[in-house]
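Okay, here's what each chain looks like letter by letter:
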Amino acid sequence: MHNDKKSGLLIVFEGTDGTGKSTQLQLLHKALLDRDYKVIATREPTEGKYGLEIRQLYKNRKKYS
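Here the structure is a predicted model, which is why all the values come from computation and not from measurement.

1. What about the overall build of the protein?
A tally of regular secondary structure across the protein gives 2 helices and 0 strands. Classification of the 65 residues of the protein by burial places 3% in the buried group. As presented, the protein carries roughly 6,700 Å² of accessible surface, and 55% of it is formed by carbon and sulfur atoms.

2. A few points about the pattern of salt bridges
In this structure the tally under the stated criterion is 1 salt bridge. Note that K30 is salt-bridged to D34, the shortest N-O span being 2.7 Å. Pair noted here: K30 and D34 are both in helix α1 (residues 21-34), with a separation of 4 residues, about one helical turn. Each member of the pair K30 and D34 is classed as exposed.

3. Looking at α1
With 14 residues, α1 extends 20 Å between its outermost C-alpha atoms, agreeing within 8% with the 20 Å of an ideal straight helix rising 1.5 Å per residue. Two residues or fewer past α1, D36 is found with a positive phi of approximately 65 degrees.

4. Points about a nonpolar patch on the surface
A cluster of nonpolar residues, L9, I11 and F13, forms a patch on the protein surface that exposes about 320 Å² of accessible area. Its location among the elements puts I11 in the segment before α1. A relative accessible area of 44% means that I11 is categorised as partly exposed.

Rules and cut-offs
- Residues numbered from 1 in each chain as written.
- Predicted model: local features only at pLDDT ≥ 70, side-chain atom pairs only at ≥ 80, totals over all residues.
- Heavy atoms only, no water.
- Helix = DSSP H or I, 4+ residues; strand = E, 2+ residues; numbered from the N terminus.
- Buried < 20%, exposed > 50% of the residue type's maximum accessible area, 1.4 Å probe, protein only.
- Areas by Shrake-Rupley, 256 points an atom, 1.4 Å probe, with all protein chains shown as cover.
- Salt bridge = Lys/Arg side-chain N within 4 Å of Asp/Glu carboxyl O.
- Expected span 1.5 Å × (residues − 1).
- Patch = residues over 30% accessible without salt bridge, like charges linked within 9 Å, V, L, I, M, F, W, Y side chains within 5 Å.

Structure (structure tokens):
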């Protein structure tokens, strides 16, 4: 039995904030698009009220140490 469905691939970048995950996502996204792959790039929703607050606390962590 032949299956004509094409399967996709999920690639996840894991790591703490500031380790370059967004940079790597952008680089991989562009590289795959350049090779004519269909790509959907997403990231966790950290642009909301609490995500932005956490980001500010992280950026200013030495101030609170």
